[in-house]
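Each chain, letter by letter, is given below.
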Amino acid sequence: MTTPLPTFEDVSEAAARISGHAHRTPVLRSRMIDRELGVQVLFKCENLQRMGAFKFRGAFNALSRFTPEQRRAGVVAYSSGNHAQAVALSARILGIPATIVMPRDAPAVKVAATQGYGGRVVTYDRYGEDREAIGAALVERHGLTLVPPYDHPDVVAGQGTAAMELFEETGPLDALFVPLGGGGLLSGTVLAAGALAPGCRLYGVEPAAGNDAQQSLREGRIVHIPTPHTIADGAQVTHIGALNFRILRAAAPEVVTAEDAGLVEAMRMFAMYMKLIVEPTGCLGLAALRTHAEALHGRRVGVLVSGGNIDPARFAELLAAPTAP
Ligand SMILES: *Cc1c(COP(=O)(O)O)cnc(C)c1O
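Residues numbered from 1 in each chain as written. Predicted model: local features only at pLDDT ≥ 70, side-chain atom pairs only at ≥ 80, totals over all residues. Heavy atoms only, no water.

Draft legend 1. Main features of the environment of Phe-43. As for its position among the elements, Phe-43 is in strand 2 (residues 40–45). Residue Phe-43 is classed as buried on the basis of its relative accessible area of 0%. Separated by 242 residues in sequence, Phe-43 and Gly-285 have C-alpha atoms that sit 9.5 Å apart. Here Phe-43 is in contact with Pro-26, Val-27, Leu-28, Ile-33, Phe-270, Met-274, Leu-286, Val-303 and Val-305, once residues within four sequence places are set aside. (Helix = DSSP H or I, 4+ residues; strand = E, 2+ residues; numbered from the N terminus. Buried < 20%, exposed > 50% of the residue type's maximum accessible area, 1.4 Å probe, protein only. Contact = heavy atoms within 4.5 Å.)

Encoded structure:
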């Protein structure tokens, strides 16, 4: 009845599938940040991944595994964020028709980006219609295959390739900080770390406004919360996935939180010290490391920088207002 959990072998196979399509993103360092934190920090820069976030890895891996019939009928995803663009771009590369279900009031830039990758955008009324029902109808009527953003073994295995590349490049690390929304990235990281860096302490980082994963791991059940108010829109979820919960529960990573003000400060550090544009959700790792730096003094610590998709005007606005984002 229950799906078997993905393993490190699935991550290795995903790495072979995405090779030549996904970028092997750089691991960057900053003397300034090392000095400021008293920690040797290694940043895995998925903000420099294709379409601007690690989500390309999971989406491409999942779509690569479609049967010929699934490829012909097409894929459907519902998302207004990075998963939508990841599915649209992967589908275009693989020659699969993609339908993306987005709220009618989704930012025009995101709709345009998804359409730019060749995705057909179907909109719905966020307040009056149920996107899952719309997705289910498309699956039912046109035989489309739904690819969810995190609660899927092929997506998890694909996301695990980011940490796999990091460990291959750096060797074992003392700790690794990973942004945490629905849990796809952290579950994949668990699989990679288990095989390549078993001594590495994993930290999942949630926005302080919505610590549902922290509560879920404490209570031993998936806790649902109202949509959290945070600038970390990529981690604005009401609960972690069922498959993700099973993986995380077994691995028991540390789950910590970061405040929005800390995300803005991390965003500024990336811009000033490393000349990197990182979206607020991508700043969760560095923001949390800053509050745990003392305990990790002198250690080698990885930070997974998950994405860089932010509207330039929004980026400027956040940096101009450090304490009141
Ligand atoms: C989706 C996303 C996350 C959260 O990933 P999950 O797999 O849902 O935990 C973090 N950062 C960015 C930039 C994202 O797009």
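Draft legend 2. Quick look at unusual backbone geometry. Phi at Met-51 is positive, roughly 55°, even though this residue is not glycine. By the secondary structure assignment, Met-51 is in the loop between strand 2 and helix 3 (55–64). For Met-51, a relative accessible area of 7% translates into the label buried. We note that Ala-252 has phi near 50°; this positive angle belongs to a residue other than glycine. Residue position: Ala-252 is located in the loop between helix 11 (242–251) and strand 9 (254–258).

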